[in-house]
Amino acid sequence: MEELSCKTVRPTLWDYSARLLDQTDLAAVESHLDSCRECDRYLTDISSMRNGFRHLPVQSVPPLLQTKLQVRASRERSRLLLRLNPGEWLRDMMYRALISFYRFLRPYAVPATG
Amino acid sequence: MFEVPVADYSLNLNAQLTSEQQANLEDQALISALQRAEPGAYETLIRRFQTPVYNLAWRLLDNPADAGDVVQEVFLKVFRNVDHFRGDSSLRTWIYRIAVNESHNKRRWLFRHRKGETGIDDAFPSEDNREAPLVDSSESPFDFTMNREAQLLLEEGLAAISPAFRTALVLREIEELSYEEIAHVLEISLGTVKSRIVRGREALRYYLANRLNPAGAVGIPGPVKWAPEAEHAK
């Protein structure tokens, strides 16, 4: 078996610690690790880092953000529904025009009623 | 309390389908439901992706408030552009691509606008901390403290390395995307993805070794700087 250099072995150690190497590479890397103390220490560092990544806590989404997302979703769904259905869109525009008209009349209507 | 209806888009058509094929079918069902504005489809999308997108943005920006802004922008873009989604990549890859781009935009914005700012948030306990429930951890207090220290150190290391390396590392090691998926998300070649991951791991290892043993990081190669020109020259 061909003896590997440290420079060749080190980039493969992450996959080695994740058990992703095939049998041939595995044997070559293990043979190198048996004889090289530096790479063995390097492997310990790599394994600690991998382990650390796997145990990083998952951040939970804040409740306020969840609510904001629900509101946005609801708003976007309404917009899409209006776009998909021209009749709905026309009715929506009519209601908007009516509301604007009532708002316009309010300053005159209230004094008129006494 | 009012419960938002959540539609179930999981399919049980054929037990022989691989998990990847099944995921693709579920994605397609969800996308067409979104395009038809079906009730429950938006909530399903949010429930499925809010935590991964929030965590991705949180790790890329290292600030919960900014991550929250990015998550809102990401979902808004997804809702508005789902019509144009052609299915060239998986739904997850597409959403992650938007999240990475939005996070980069946010970071650029913060770099320009928050240069001279000094935060006062650290002086007060955050709302999250006040609301954090007490958890009965099965670890001993010593193990808990040691693990927490290690996590903080790793988070600190991730925040310290170049953003290009950090993004690739987070997608690979935390989000567990394949190299091909990362290439799609970042819109770079497979070789560049592998190179960034290897160099990112090395930069992180160097950082951690220096933090743990500042006096004698002997024989450890120096930190790798990200040089976009060098990558394009390959």
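Residues numbered from 1 in each chain as written. Chains lettered and ligands numbered in written order. Predicted model: local features only at pLDDT ≥ 70, side-chain atom pairs only at ≥ 80, totals over all residues. Heavy atoms only, no water.

## Description of the interface of chain A and chain B
In this assembly, 32 residues from chain A lie in contact with 41 residues from chain B. When residues of chain A are sorted by the area they lose upon contact with chain B, Phe53(A), Gln59(A) and Leu69(A) head the list and together hold 19% of the total. Applying the counting rule to chain A against chain B returns three salt bridges. Between Glu76(A) and Arg80(B) there is a salt bridge; the shortest N-O distance is 3.0 Å. Scanning the region where chain A abuts chain B turns up nine residue pairs in polar contact (both at pLDDT 80 or more). Within the residue set of the side of chain A that touches chain B, elements represented by two or more residues are helix H2 (13-17), helix H4 (37-54) and helix H5 (63-84) of chain A. The element contributing the most residues to the side of chain A that touches chain B is H5(A), with 14 residues. Its residues assigned to classes, the side of chain A that touches chain B comprises 17 nonpolar, six polar and nine charged. (Contact = heavy atoms within 4.5 Å. Buried area = accessible area lost by both parts, 1.4 Å probe. Salt bridge = Lys/Arg side-chain N within 4 Å of Asp/Glu carboxyl O. Polar contact = N/O pair within 3.5 Å; in protein donor to acceptor, adjacent residues only side chain to side chain. Helix = DSSP H or I, 4+ residues; strand = E, 2+ residues; numbered from the N terminus. Nonpolar A, V, L, I, M, F, W, Y, C, P; charged D, E, K, R; others polar.)

## Topic: the packing of aromatic side chains
All names here are of chain B. All chains considered together, the criterion is met by six aromatic pairs over all chains. On the basis of an interplanar angle of 50 degrees and a centroid distance of 4.9 Å, the ring pair of Tyr42 and Phe79 is categorised as tilted. Pair noted here: Tyr42 is in helix H2 (residues 41-61) and Phe79 is in helix H3 (residues 64-81), with a separation of 37 residues, a long-range link. Ring centres of Phe75 and Phe79 lie 6.1 Å apart, and the angle between their planes is 45 degrees; this geometry places the pair in the tilted category. Taken together, the residues span about one helical turn, with Phe75 and Phe79 both in helix H3 at a distance of four residues. Each member of the pair, Phe75 as well as Phe79, carries the same accessibility label: buried. Here the aromatic residues Tyr42, Phe75 and Phe79 are joined through ring pairs into a cluster of three or more. Of note, Arg92 hangs over the ring of Tyr96, and the distance from its end group to the ring centre comes to 5.8 Å. The ring of Tyr179 has Arg172 sitting right over it, with the charged end atom 4.4 Å from the ring centre. (Phe/Tyr/Trp six-rings, centres within 6.5 Å; stacked < 30°, edge-to-face > 60°. Buried < 20%, exposed > 50% of the residue type's maximum accessible area, 1.4 Å probe, protein only. Lys NZ or Arg CZ within 6 Å of the ring centre and 35° of its normal.)

## What about the nonpolar core?
In this structure, Phe53(A), Leu45(B), Ile95(B) and Leu171(B) are the most contacted members of the largest nonpolar core, which totals 74 residues. Ranked by residues supplied to this core, first place goes to H2(B) with twelve residues. Contact partners of Leu45(B), with chain neighbours within four places excluded, come to Leu30(B), Leu34(B), Phe75(B), Val78(B), Phe79(B), Leu91(B) and Ile95(B). (Core = buried A, V, L, I, M, F, W, Y, C linked by side-chain atoms within 4.5 Å.)

## Quick word on the confidence of the model for chain B
Residues and elements named next belong to chain B. A residue-level look at chain B finds 70% of positions with pLDDT of 70 or above and a mean pLDDT of 79. Every residue in residues 217-226 scores below 50 in pLDDT, and together they form 22 contacts with partners more than four places removed in sequence or on other chains. Reported confidence for the predicted complex is 0.71 by ipTM and 0.73 by pTM. (pLDDT = per-residue confidence, 0-100.)

## A closer look at a nonpolar patch on the surface
Together, Tyr95(A), Leu98(A), Phe101(A), Tyr102(A), Phe104(A), Leu105(A) and Tyr108(A) line one region of the surface with nonpolar side chains, adding up to about 770 Å² of accessible area. Among the structural elements, Tyr95(A) can be located in helix H6 (residues 86-112). (Patch = residues over 30% accessible without salt bridge, like charges linked within 9 Å, V, L, I, M, F, W, Y side chains within 5 Å. Areas by Shrake-Rupley, 256 points an atom, 1.4 Å probe, with all protein chains shown as cover.)

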